[in-house]
Amino acid sequence: MSGLVRALLIAAIVIVHAVVQALTVVGDPVPIASWGFAASVLLSVAALSVAGWAVVTLVWHARWRWQGLAWMLGTVILATALSILSPVLPPLAILVGLIVVPAVVAGGSPLDGFRTLRYHPVRHAFGLLGVLALVVVGWAAALVLGLFVTGFAAAVATWLVFGAFGALVLAGWRERPKHPVGSPRSAR
């Protein structure tokens, strides 16, 4: 698959996901113990998990493995649970997911993502700080957007921003070194 086709597929996934997420908040649902709200939350988690898995798989040029979907679902559930505790905790789940999910999607174990950190720890630390900065910028953009645009359009625009940022982070993360400098595999 060519790079242009891959980029168009990623853009389509981000757009469809943004619309699905916006549909989950139509009517401004109130978080109460009801079947409708529970269905909305489940649809939101499922949509985010499937869209994230699809984008990671396309960015990594990988096969469609169910293990990647399972780890993406776990990351989304972890981020959701942490967001209930505190709004500053979900970025931790995002960082762990950024390390683990691509390794699983590429056919490795979850620990392979952490093993790559040992080869270039400073470069990876700056990469993780850059991801955190992008998360903060996205959060600020969502807040500003919420002041000027409301309703369905605001939800779509917010998820488009988050989707675009996510795709950019994954593309940049894919290019990080995975092997020691000077090893035959570092040229890949």
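Reading guide: rules and limits
Residues numbered from 1 in each chain as written. Predicted model: local features only at pLDDT ≥ 70, side-chain atom pairs only at ≥ 80, totals over all residues. Heavy atoms only, no water. Helix = DSSP H or I, 4+ residues; strand = E, 2+ residues; numbered from the N terminus. Contact = heavy atoms within 4.5 Å. Areas by Shrake-Rupley, 256 points an atom, 1.4 Å probe, with all protein chains shown as cover. Expected span 1.5 Å × (residues − 1). Buried < 20%, exposed > 50% of the residue type's maximum accessible area, 1.4 Å probe, protein only. Arc of directions from axis to C-beta. Phe/Tyr/Trp six-rings, centres within 6.5 Å; stacked < 30°, edge-to-face > 60°.

What to know about the overall build of the chain
The helix and strand tally for the chain stands at seven helices and zero strands. A principal-axis box enclosing the C-alpha atoms of the chain has dimensions of 55 × 35 × 30 Å. The long-range fraction of contacts in the chain, counting pairs at least 24 apart against all pairs at least 6 apart in sequence, stands at 68%. Summed over all atoms, the accessible surface of the chain reaches about 11000 Å², with 76% contributed by carbon and sulfur.

What to know about helix 1 (residues 3-23)
Since one α-helical turn is 3.6 residues long, residues separated by three or four positions face the same way. Between its first and last C-alpha, helix 1 extends 30 Å over 21 residues, near the 30 Å set by a 1.5 Å rise per residue. Buried within helix 1 are the following residues: Arg-6, Ile-10, Ile-13, Val-14, His-17, Ala-18, Gln-21 and Ala-22. Buried residues in helix 1, looked at end-on, bunch into an arc of 160°, giving them a common side. Exposed side chains of helix 1 directed beyond 90 degrees from the buried face belong to Leu-4, Leu-8, Val-16 and Leu-23. Considering only its buried residues, helix 1 is in contact with helix 2 (35-59) and helix 7 (151-174).

Examining the packing of aromatic side chains
Here the structure, examined in full by the defined rule, presents two aromatic pairs. Note on Trp-159 and Phe-162: the rings are 5.9 Å apart at their centroids and 80° apart in plane angle, and the pair reads as edge-to-face. Note that Trp-159 and Phe-162 are positioned in helix 7 at a spacing of three residues, about one turn of the helix. Looking at Trp-159, the relative accessible area reads 23%, which means it is partly exposed.

Read these as spatial facts, not as claims about activity.
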